[in-house]
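If you want the building blocks of each chain, they are given just below.
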Amino acid sequence: MTSPLYKRVLLKLSGEALMGEDQFGINRASIEQMVGDVVEAVNLGVEMAIVIGGGNIFRGVAPGAQGMDRAPADYMGMLATVINSLALADAMEQNGLTARVMSAIGIDQVVESYVRPKALQYLEEGKVVVFAAGTGNPFFTTDTAAALRGAEMGAEIVLKATKVDGVYSADPMKDASATRYSHITFDEAIEKHLEVMDAAAFALCRDQKLPIKIFSILKHGALKRVLLGEDEGTLVHL
């Protein structure tokens, strides 16, 4: 069996991807597909940490939050990520993985609070660690949480799973001539005004020399192909 390129990764999942074809909430078939891909990655020997968004339930910048103060709206979004994290961890446990949810805000009766040394221990033990509640602070996205936890965990790469299979020269839904970049530098992404991650997350990854791989979570087996170094998605690097 081919060895993976990375020993430890941070996987960023969007909450919206959990909806599948539904309008909101968690689609069981979608979460099972995601977990199947994670199982494949763990079976390769990869240490897996995960950050998941909450957009399928609530986002602080969503239309449903209009008129609200940004801080409580963002806290509501953080709680949505806790719900998603619990669902994801439960599905992983049912598929033979050992998962631990660690929250950036204290909900001790429900999940563990985030403690860096404990999270590192779990990863070394082969457990999948799901980081919930973003950074624990309003005004920061789960993209930023992914960059932060990736740096803290010593991940070799941040894998951003989206609905598109990489970064394109233009919107592929609007421009048939758009081409996918197999790799691009941080500086090139800035010059071309390519939307890779939000500005804070992008800057943190660049400063920490932490590469980003953007790929489609909707393509079954894409995660495994990324880990094995196949031509999947777009790599953003120094």
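Our subject is the structure that appears above.
The present account deals with the structure reproduced in this document.

Rules used throughout
Residues numbered from 1 in each chain as written. Predicted model: local features only at pLDDT ≥ 70, side-chain atom pairs only at ≥ 80, totals over all residues. Heavy atoms only, no water. Buried < 20%, exposed > 50% of the residue type's maximum accessible area, 1.4 Å probe, protein only. Helix = DSSP H or I, 4+ residues; strand = E, 2+ residues; numbered from the N terminus. Pairing = 2+ DSSP bridges. Core = buried A, V, L, I, M, F, W, Y, C linked by side-chain atoms within 4.5 Å. Contact = heavy atoms within 4.5 Å. Patch = residues over 30% accessible without salt bridge, like charges linked within 9 Å, V, L, I, M, F, W, Y side chains within 5 Å. Areas by Shrake-Rupley, 256 points an atom, 1.4 Å probe, with all protein chains shown as cover. Salt bridge = Lys/Arg side-chain N within 4 Å of Asp/Glu carboxyl O. Expected span 1.5 Å × (residues − 1). Lys, Arg positive; Asp, Glu negative; His and termini not counted. Polar contact = N/O pair within 3.5 Å; in protein donor to acceptor, adjacent residues only side chain to side chain.

Overview of the pairing of strand β6 (residues 158-162)
Then, in step 1: Most of β6 is tucked away, with five of its five residues classed as buried.
Then, in step 2: Burial of β6 is two-sided: the residues Val158, Lys160 and Thr162 facing one way and the residues Leu159 and Ala161 facing the other way are all buried.
Then, in step 3: Bridge count between strand β1 (residues 8-13) and β6: four bridges; the pairing is parallel. Within β6, the position partnered with Lys12 by the bridge is Lys160.
Then, in step 4: When β6 meets strand β8 (residues 212-216), the two strands line up parallel, connected through five bridges. Each bridged residue has a counterpart across the sheet, and for Lys160 the counterpart in β8 is Ile214.

Quick word on the nonpolar core
Then, in step 1: By size, the foremost hydrophobic cluster in this structure holds 44 residues, and its most contacted members are Leu11, Met48, Ile50 and Met92.
Then, in step 2: Secondary structure elements with two or more residues in this core: β1, α1 (28-43), β2 (47-52), α2 (70-94), β3 (99-103), β5 (128-132), β6 and α7 (222-227).
Then, in step 3: Once residues lying within four places of it in the same chain are set aside, the contact partners of Met92 are Val35, Val38, Ile50, Leu97, Ala99, Val128 and Val130.
Then, in step 4: One finds Leu120, Ala146, Ala147 and Met153 within the second-largest nonpolar core, a separate group that totals 32 residues.

Some thoughts on a nonpolar patch on the surface
Then, in step 1: Together, Ile26, Ile57 and Ile83 line one region of the surface with nonpolar side chains, adding up to about 230 Å² of accessible area.
Then, in step 2: In this fold, Ile26 is placed in the loop between β1 and α1.
Then, in step 3: Looking at Ile26, the relative accessible area reads 33%, which means it is partly exposed.

Focus on α1
It helps to recall that an α-helix has 3.6 residues per turn; residues three or four apart then point in one direction.
Then, in step 1: The end-to-end C-alpha distance of α1, which contains 16 residues, comes to 22 Å, matching closely the 22 Å that a straight helix rising 1.5 Å per residue would cover.
Then, in step 2: Buried residues of α1: Ser30, Ile31, Met34, Val35, Asp37, Val38, Val39, Ala41 and Val42, and no others.
Then, in step 3: Where α1 is buried, its residues touch β1, β2, α2, β5 and α7.
Then, in step 4: Positive backbone phi, at 100°, marks Gly45, one or two positions downstream of α1.

Considering the side chain of Asp37
Then, in step 1: Secondary-structure assignment places Asp37 in helix α1.
Then, in step 2: For the buried Asp37, no salt bridge exists, and the shortest N-O distance to an oppositely charged side chain is 7.8 Å, to Arg225.
Then, in step 3: Engagement of the side chain of Asp37 in a polar contact is seen with the backbone nitrogen of Gly221, the distance being 3.4 Å.

Digging into the pattern of salt bridges
Then, in step 1: For the structure on display, the rule yields eleven salt bridges.
Then, in step 2: Salt-bridge contacts for Glu32 lead to Arg28; the nearest nitrogen and oxygen are separated by 3.3 Å. Of this pair, Glu32 and Arg28 both sit in helix α1, four residues apart, roughly one helical turn.
Then, in step 3: Its relative accessible area of 29% is what places Glu32 among the partly exposed residues.
Then, in step 4: Residue Arg100 is joined to Glu93 by a salt bridge in which the shortest nitrogen-to-oxygen separation is 3.9 Å.
Then, in step 5: A relative accessible area of 25% places Arg100 in the partly exposed class.
Then, in step 6: A relative accessible area of 37% means that Glu93 is categorised as partly exposed.

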